[in-house]
Amino acid sequence: MTIVWHELKQNRTSLVVWTAAIGFLLAVCIFMFPEMEGQMDGMDEIFSSMGSFTEAFGMDQVSFGTLTGFYSVECGNILGLGGAFFTSLTAAAILSKEEKDHTAEFLLTQPVSRFRIVTEKLAAVMVQVIILNMVVFIISISSVRAIGESVPWKEICLLHFAYFLLQIELAGICFGISAFLRQGSIGTGLGIAAVMYFLNLIANISDRAGFLKYVTPFGYAEGADIVANLCLEQMPVITGMTLAAAGILAGYVKYCRKDILS
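Residues numbered from 1 in each chain as written. Predicted model: local features only at pLDDT ≥ 70, side-chain atom pairs only at ≥ 80, totals over all residues. Heavy atoms only, no water.

> Mind showing me how you'd approach the side chain of Thr19 here?
Summarising the element assignment, Thr19 is placed in helix α2 (residues 12–37). Relative accessible area serves as the criterion here: at 8%, Thr19 is assigned to the buried category. (Helix = DSSP H or I, 4+ residues; strand = E, 2+ residues; numbered from the N terminus. Buried < 20%, exposed > 50% of the residue type's maximum accessible area, 1.4 Å probe, protein only.)

> What exactly am I supposed to notice about the packing of helix α8 (residues 114–146) against helix α12 (residues 234–257) here?
When two helices pack together, their arrangement is given by the angle between their axes and by how far apart the axes lie. Running from N to C, α8 and α12 cross one another at 140°; their axes reach a closest spacing of 9 Å. As for how α8 packs across α12, the hand of that crossing is right-handed. For the pair α8 and α12, the contacting residues are Arg114, Phe115, Ile117, Val118, Thr119, Leu122 and Met126 in the first and Ile248, Tyr252, Tyr255, Cys256 and Arg257 in the second. Residue composition of the contact of α8 with α12, by class: nine nonpolar, one polar and two charged. (Axes fitted to C-alpha atoms, helices over the stretch in contact; angles between N-to-C directions. Left-handed = near helix turned anticlockwise from the far one by under 90°. Contact = heavy atoms within 4.5 Å. Nonpolar A, V, L, I, M, F, W, Y, C, P; charged D, E, K, R; others polar.)

> Would you explain the nonpolar core in this entry?
Soluble globular proteins tend to bury their nonpolar side chains together. Within the largest apolar cluster, 59 residues are counted, with the highest numbers of intra-cluster contacts made by Leu95, Leu166, Phe175 and Leu232. For this core, the secondary structure elements donating two or more residues are α2, α5 (67–94), α8, α9 (153–178), α10 (186–205), α11 (223–229) and α12. The element best represented in this core is α9, accounting for 13 residues. (Core = buried A, V, L, I, M, F, W, Y, C linked by side-chain atoms within 4.5 Å.)

> What's the story with the packing of α5 against α10 in this structure? I'm lost.
With their axes 8 Å apart at the nearest point, α5 and α10 run at an angle of 145° to one another. Considering only the axes of α5 and α10, their crossing is right-handed. Residues Asn77, Leu81, Ala84, Phe85, Ser88, Leu89 and Ala92 of α5 form the contact with α10, whose own contacting residues are Ile186, Gly189, Leu190, Ala193, Ala194 and Tyr197. In the contact of α5 with α10, the residues fall into ten nonpolar, three polar and no charged.

> Would you mind showing me how to read the environment of Ala221 here?
For Ala221, the position within the fold is in the loop between α10 and α11. Since its relative accessible area comes to 3%, Ala221 is described here as buried. Residue contacts for Ala221: discarding those within four places in its chain leaves Ala162, Tyr163, Leu166 and Ile226.

> Please clarify how the environment of Gly23 should be interpreted in this entry.
With respect to the element layout, Gly23 can be found in helix α2. Residue class for Gly23 comes out buried when judged on its relative accessible area of 1%. Once the C-alpha coordinates of Gly23 and Ile138 are considered, the two residues, 115 residues apart in sequence, prove to be 9.0 Å apart. The residues contacting Gly23, other than those within four sequence positions of it, are Val136 and Ile139.

> Which parts of the structure should I look at to understand the packing of aromatic side chains?
Any two aromatic rings considered together are summarised by their centre-to-centre distance and by the angle between their planes. Tallied over the full model, the rule gives five aromatic pairs. Note on Tyr197 and Phe198: the rings are 5.6 Å apart at their centroids and 80° apart in plane angle, and the pair reads as edge-to-face. Seen from their ring centres, Tyr197 and Phe218 are 5.4 Å apart, and the 80° between their planes marks the pair as edge-to-face. Of the two residues, Tyr197 is situated in helix α10 and Phe218 in the loop between α10 and α11; the sequence distance between them amounts to 21 residues. Here the two residues Tyr197 and Phe218 agree in accessibility, since each one is buried. The structure contains a cluster of three or more aromatic residues connected by ring pairs, namely Tyr197, Phe198 and Phe218. (Phe/Tyr/Trp six-rings, centres within 6.5 Å; stacked < 30°, edge-to-face > 60°.)

Structure (structure tokens):
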């Protein structure tokens, strides 16, 4: 577990900053709801008539005058994008940084196998994802209680679970890509998360692009769909977890075989 603790210690600032930023923005968004609630009369009709923009963000399926509707769209975008960016950045750097920072020579001379190195680095990524989601969930629930609203447990738990799965999928994909990288990873991580997000917007706007829901994890983590249906679509989730597993497997195979520059 030495490598796990080292990675957690090395990345603790990034984890704290991203967790605090996402949690703070979620809390601010939730505290805005009581003021917004009284101003939402007639707004649902306006939102529902905005054509492609409405469909892109699922605003035609929920009411902004309800906590669940407001939370699914506003807070969902914060948690979805924030969590996706953090996870992608972390996973895309976890294997490649040894060559980038010229620390591979020290690491690989230690009495540990490459398989163990990959396993512990993967564990470090997953631990950070779990910590982020646990803290953000607690902040979210506490904020809802603080504004005097009853907690819609099923909706919020489903939403947070969907975004957790989204982050797991992106972590697996970026982890695999990290094994193939030698220099740099910030642009790769941000790029993958951004592309996945915009693919979902395209899938929402165009019926012909509906198949993209099976490509991007944002497809099954669509807040408006989850609140409206109170469930997650099974096939996109299964496809996403399969992609995550494939990415992790590719990372193991590549890293255990590659010539690593010191």
